[in-house]
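Reading the structure
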Amino acid sequence: SRNSRSKIMWHDKYIKTIGSWGLTAALLILTVWGIRTYGIESVHLSTSAMENALHKGDFMLVNKTKWMHKDIRRNSVLLFTSPLLRDTTDEPLLVSRCVAMPGDTVVVHNNGYRINGKEYPFSPNTLKRYAMPKRGLMSLLAMMKGLGIPERERENHPTESYFTLTAFEAYRIIGHLPEEFRPMLRQRPIPSYQLVVPKKGRAYPLDSLTLVTCKEAIRNEAGGKALFKDGKLYLDGTPTNYFFFKKDYYWLLSDNTTEAIDSRHVGFIPESHIIGNLFFCWYSKDPQRRFKKL
């Protein structure tokens, strides 16, 4: 009958509409998944590793495209995972600044870096530890409060107190402190060291010191063939003074040297552990930082 044919046509049209919407939704889900997996994704910073360049709680866009690795440059802020973690399926995401590229010779000292013979000062936003004797502590605290500088990681000791400040904050404080207290605020020295970042296919000279920094990277690449004994590397039982890496590596350091996990803790970062580079802040509690490009 006519009513039966109408019902069948309506039913077929309804099924086609539902199928069309379902296909559209599936394609949309796949597109979003593809963009997040292989393109651009939003990440929420849960640590203060990059204070004060980036703040804990900021929402950042990260470039994860396959072409991203060609654009890694010195000073890029990178999202990566630790090469040391083997016993977990949910690796924590880490954020640090690219200090040295594959093949670079880098010297880290109290005022910055020397890379391939060229000096690179620390960023003015890099956080460092400063000390103030008890005699000038009250003046310092009053001055920090007046300038709106937070008391980060304050440690009180019998003769002095320690604070974490940026170089710019220390400069502002010294400019406002009474003259008798200015020389008392001093930066605590950081250990100096020199290293060469492994580069794919290049012979990497080994000694007891370099083995400490690249031991884990060699173990990951050589597997059971590598044996470390008495400050030397043995490959298949044969001692060697060189190692040819199969991957490119990077040396990544965070701006907040006291509140971060970076290459000082986990060693060289292989390219395969770099997820992408952060390039845009789309939300921050600080209104002046919103919609800012790195």
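Up top is the structure these notes are about.
Predicted model only: the values in this text are computed from it and were never measured.

1. Examining the side chain of Arg 129
Examined against the element boundaries, Arg 129 turns out to sit in strand β8 (residues 127–133). Looking at Arg 129, the relative accessible area reads 12%, which means it is buried. At 3.2 Å, the side chain of Arg 129 forms a polar contact with the side chain of Glu 155.

2. Digging into the pattern of salt bridges
Counted according to the given criterion, the structure contains 12 salt bridges. The partner of Glu 169 in a salt bridge is Arg 152, with the nearest N and O atoms 2.8 Å apart. Of the two residues, Glu 169 sits in helix α3 (residues 167–176) while Arg 152 sits in strand β9 (residues 152–156), which places them 17 residues apart along the sequence. Accessibility assignment for this pair places Glu 169 and Arg 152 in one class, buried.

3. Regarding the sheet that holds strand β15 (residues 232–235)
Pairing within the open sheet is antiparallel, and its 3 strands lie in the order β14-β15-β16. Either end of the sheet is taken by a strand with one partner, and the two such strands are β14 (226–229) and β16 (238–240). Ignoring strand direction, the axes of neighbouring strands in this sheet form an average angle of 40°. Two strands pair when backbone bridges link them, and β14 and β15 are joined in this way by 4 bridges, in the antiparallel orientation. Bridge assignment links Ala 226 to a residue of β15, and that residue is Leu 235. Packing against the sheet, helix α4 (residues 208–222) makes contact with β14 and β15, and its axis sits at approximately 155° to β14.

4. Quick notes on the pairing of β8
Of all the 7 residues making up β8, 6 are buried; the element is thus mostly covered by neighbouring parts of the structure. Pairing between β8 and strand β10 (residues 160–166): 7 bridges, direction antiparallel. The residue bridging Arg 129 from the neighbouring strand is Thr 164, located in β10. The sheet contact formed by β8 and strand β11 (residues 186–187) spans 2 bridges and is antiparallel. Across the sheet, the residue bridging to Ala 131 is Arg 186, located in β11.

Criteria and cut-off values
- Residues numbered from 1 in each chain as written.
- Predicted model: local features only at pLDDT ≥ 70, side-chain atom pairs only at ≥ 80, totals over all residues.
- Heavy atoms only, no water.
- Helix = DSSP H or I, 4+ residues; strand = E, 2+ residues; numbered from the N terminus.
- Buried < 20%, exposed > 50% of the residue type's maximum accessible area, 1.4 Å probe, protein only.
- Polar contact = N/O pair within 3.5 Å; in protein donor to acceptor, adjacent residues only side chain to side chain.
- Salt bridge = Lys/Arg side-chain N within 4 Å of Asp/Glu carboxyl O.
- Pairing = 2+ DSSP bridges.
- Axes fitted to C-alpha atoms, helices over the stretch in contact; angles between N-to-C directions.
- Contact = heavy atoms within 4.5 Å.

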